[in-house]
Amino acid sequence: MNLESVGAELYSSPLAEFVRARTAAVSEAREQGDKDLAREIGKLPKPSTGAWLANLLVVERRDDLEDIVALGKELRAAEENLDPQELRQLGRTRQKLIASVSRSAADLGAKAGSKPSAAAVHELEQTLHAALADEGAANAVLTGVLVRGLTSNGVEPVDLAEALAVDAPSAGRASKRTSKPRLRAVDTTAAERDIDEAKRKLRDAEDRADDAIDAVETLRKQLKDVTPELERLTEERRSLKSRLAEVEEELAARSSENDKLTAELAAARSDSDVAERAVSRARERVDRLTRG
């Protein structure tokens, strides 16, 4: 277990599990007796959602990112050659490529359990634009350990300060990385640690806000689907209540009629018993008179 392997795993893991995974890695390092490594792992910052999407692309769609880097070189060459026709053509290609790669990243994020918000996708697009405009930014993106998104004004070099969770000298020049960059784990002053912690909390809060916005939108859509069914059931209940009132009224009438007929039946049976006894006595009298 070392810092490089832990970092590689953390920055390509599902964003929602980053803090838990980092905590587990710190615990594992402590169990192995490597307190320095545990302390270094604990300093690794959680990436913003847009930066995380870029890191996912490095792992899952690296060819797409290399296409962007290659297109950036073509654009810079066209600018140096002052070729307006090629610039227009490459500009159209740039728009299509960034849109396509952004959609792929959003799909990857959703599959990894964190559906990105519009703000996160915008952050990714800004990062991709920076990678197109600046070779140092392109190399930084390809490290796969971005902590925050990148922006470019198209004139000055892209600011890479605190953009990476690693020391990557090649991020600022054109040479290719031949080995994994070493993760930053330097001691900082108390003020710097406070700033880092505040930034981490800010990113966590932004992630929670993004999740909350997504949850609201999901619930709004679910409510929209449920409302017609609720209205149908409400109308059905109203109809059933009306029918129930009619049935209860009819039941009351039938019950009253049943009681009346039951009483009449009892009276008729009583009259029948009296008549049968009278017939019996009359037969006996007739028999006596006949025999006498």
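Along each chain, residue indices are assigned from 1 in the same order as the chain's sequence is written. Two thresholds apply to this predicted model, a pLDDT of at least 70 for residue-level local features and 80 or more for giving and counting side-chain atom pairs, whereas whole-chain, interface and lining totals are computed over all residues. As a rule here, side-chain values come from all non-hydrogen atoms in the structure, and water together with hydrogens is ignored.

Quick notes on the overall build of the chain
Working step 1: Helix and strand definitions follow DSSP, with helices as H or I runs of at least four residues and strands as E runs of at least two, each counted in order from the N terminus. Counting its secondary structure elements, the chain contains nine helices and two strands.
Working step 2: Along the chain, from the amino end to the carboxyl end, the secondary structure elements read α-α-α-α-α-α-α-α-β-β-α.
Working step 3: Type-normalised accessible area, obtained with a 1.4 Å probe on protein chains alone, sets the label of each residue: buried when under 20%, exposed when over 50%, and partly exposed for intermediate values. A buried classification covers 32% of the 292 residues belonging to the chain.

Observations regarding the pattern of salt bridges
Working step 1: Any Lys or Arg side-chain nitrogen located within 4 Å of an Asp or Glu carboxyl oxygen qualifies as a salt bridge. Within this structure, the stated rule accounts for eight salt bridges.
Working step 2: Between R232 and E236 there is a salt bridge; the shortest N-O distance is 2.9 Å. Of this pair, R232 and E236 both sit in helix 9 (residues 190-291), four residues apart, roughly one helical turn.
Working step 3: Measuring nitrogen to oxygen at the nearest pair gives 3.3 Å for the salt bridge that ties R243 to E246. You can see R243 and its partner E246 sitting in helix 9, three residues apart, about one turn around the helix.
Working step 4: By relative accessible area, which is 46% here, R243 ends up partly exposed.
Working step 5: Overlapping salt bridges bring together E229, R232 and E236 as one network.

Some words on the confidence of the model for the chain
Working step 1: Each residue gets a pLDDT score, which is the predictor's confidence in that residue and runs from 0 to 100. Residues with a pLDDT of 70 or more make up 83% of the chain, whose mean pLDDT is 82.
Working step 2: Mean pLDDT values over the elements of the chain span from 46, in strand 2 (residues 182-183), up to 93, in helix 7 (residues 118-133).
Working step 3: We call two residues in contact whenever any of their non-hydrogen atoms come within 4.5 Å of each other. Confidence drops under a pLDDT of 50 for residues 169-188, and excluding neighbours within four residues, the segment shows 45 contacts in the predicted structure.

Focus: the nonpolar core
Most often, soluble globular proteins have nonpolar side chains that are buried together.
Working step 1: If you look at the biggest cluster of nonpolar residues, it comprises 51 residues, and the most contacted ones within it are Y11, I41 and L150.
Working step 2: Among the elements of the structure, helix 1 (3-10), helix 2 (18-31), helix 3 (35-42), helix 4 (49-60), helix 5 (62-81), helix 6 (84-111), helix 7 and helix 8 (135-142) are those that each provide at least two residues to this core.
Working step 3: Aside from chain neighbours lying at most four places away, what touches L150 is Q126, T127, A130, A137, V141, V158, D159, L160 and A163. Joining through side-chain atoms within 4.5 Å is the link that ties buried Ala, Val, Leu, Ile, Met, Phe, Trp, Tyr and Cys residues into a set, and such a set is a nonpolar core.

Details of helix 2
Working step 1: Given a rise of 1.5 Å per residue, 14 residues ought to cover 20 Å, and the 20 Å separating the end C-alpha atoms of helix 2 matches this to within 8%.
Working step 2: Directly after helix 2, the chain includes G33, whose backbone phi takes a positive value near 80 degrees. To estimate the expected span of a helix, count its residues, drop one, and scale the result by 1.5 Å.

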